[in-house]
Amino acid sequence: MESCESRQGPEAEGGGGDDDLLPIRRLEISDKSKGFVELLAQLSHCPSLSDADFRARFADLAALGDDHVICVVEDRRTGRIVATGSVFIERKFLRGCGKVGHIEDVVVDAAARGRRLGQRVVRYLVEHAKGAGCYKVILDCERDRKAFYEKCGFTEKSVQMTLYF
C-alpha cells in the first residue's frame, strides 16, 4: 500500500521545500501564544483557555509521556502553529496485551491548506504509534474527510457511535 507521503491529493498541491520552514515537532508550553488553541477551534468547539488552564492540561498530558503525543507544525516565517494532531496509546488485554493508537484532533489552518501538512501530521502520528508497538491505528472522521484519510492508507471499518454528556 502506498504511504500518505507518496499519494497525491488535495494536500499534495503546492508541496515542496517547506519542511525547513514548517517543522513538525511535539507541542510545547509556549505554543499557546502561537495560536494553538485558536487552531483547534477550526476543528471543533474550543473556547479560549486561561494560561493556568492550559499549563495544567499540558502538565497532565506531559505526565503520560509517549502514551499521549500532540504534534504541531510551526510556520517559522510567522511563528504561528498551522497544523496539529494527536495520538494516544491504548493498552489492551486483547492480542497478547497489545496496543492501539488513536489519532485525534488533526487540523490544518485554513490559510495553510494544500501544502501536505495534514499528510505530514498523520504520518508523524502513525510512525509514533508504530514505534510504540501498536498493532493498529484508528481514527474517526467526518464523511467529507474520508478521502483524505484513504490517501494516507486508512480504510473504512465499522461504525462510530457517540454519547455526549
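Relevant structure appears above.
Residues numbered from 1 in each chain as written. Predicted model: local features only at pLDDT ≥ 70, side-chain atom pairs only at ≥ 80, totals over all residues. Heavy atoms only, no water.

Caption draft 1: Local environment of the overall build of the protein. Counting its secondary structure elements, the protein contains 5 helices and 5 strands. Listed by position from the N terminus, the elements making up the protein come as β-α-α-β-β-α-β-α-β-α. Taking all 165 residues of the protein together, 36% fall into the buried category. Within the protein, contacts between residues at least 6 apart in sequence are counted, and of these 67% link residues at least 24 apart. (Helix = DSSP H or I, 4+ residues; strand = E, 2+ residues; numbered from the N terminus. Buried < 20%, exposed > 50% of the residue type's maximum accessible area, 1.4 Å probe, protein only. Contact = heavy atoms within 4.5 Å.)

Caption draft 2: Structural context of the side chain of Arg120. Residue placement: Arg120 occurs in helix H4 (residues 117-131). A polar contact of 2.9 Å, which involves the side chain of Arg120, links it to the backbone oxygen of Leu22. Apart from the residues within four sequence positions on either side, Arg120 is in contact with Asp19, Leu22, Pro23 and Ile24. (Polar contact = N/O pair within 3.5 Å; in protein donor to acceptor, adjacent residues only side chain to side chain.)

Caption draft 3: Seen up close, H4. In a regular helix each residue adds 1.5 Å, so 15 residues correspond to 21 Å; H4 covers 21 Å between its end C-alpha atoms and thus fits that length. Restricting attention to buried positions, one finds in H4 the residues Leu117, Gly118, Gln119, Arg120, Val121, Val122, Leu125, His128 and Ala129. Where H4 is buried, its residues touch strand S1 (24-26), strand S2 (68-75), strand S3 (80-91), strand S4 (99-108), strand S5 (136-139) and helix H5 (146-151). Where H4 terminates, the next one or two residues include Gly133, which has phi positive at roughly 90°. (Expected span 1.5 Å × (residues − 1).)

Caption draft 4: A look at the packing of aromatic side chains. Under the definition given, this model contains 4 aromatic pairs. Measuring from centroid to centroid gives 6.2 Å for Phe36 and Phe54, while their planes differ by 70°, and the two rings are edge-to-face. On the criterion of sequence distance, the pair formed by Phe36 in helix H1 (residues 36-40) and Phe54 in helix H2 (residues 51-62) is long-range, its members being 18 residues apart. In this pair, the class of Phe36 matches that of Phe54, namely buried. Centroid distance Phe54 to Phe58: 6.4 Å. Interplanar angle 25°. Geometry classified as stacked. Highlighted residues: Phe54 and Phe58, both in helix H2, separated by 4 residues, approximately one helical turn. For Phe58, a relative accessible area of 23% corresponds to the partly exposed category. (Phe/Tyr/Trp six-rings, centres within 6.5 Å; stacked < 30°, edge-to-face > 60°.)

Caption draft 5: Main features of the side chain of Thr84. Summarising the element assignment, Thr84 is placed in strand S3. Exposure remark for Thr84: the relative accessible area of 1% places this residue in the buried category. Within the structure, Thr84 has its side chain in polar contact with the backbone oxygen of Cys71 (distance 2.7 Å). Leaving out residues up to four positions away in the same chain, Thr84 has contacts with Phe36, Leu39, Leu40, Ile70, Cys71, Val72, Asp105, Val106, Val107 and Val121.

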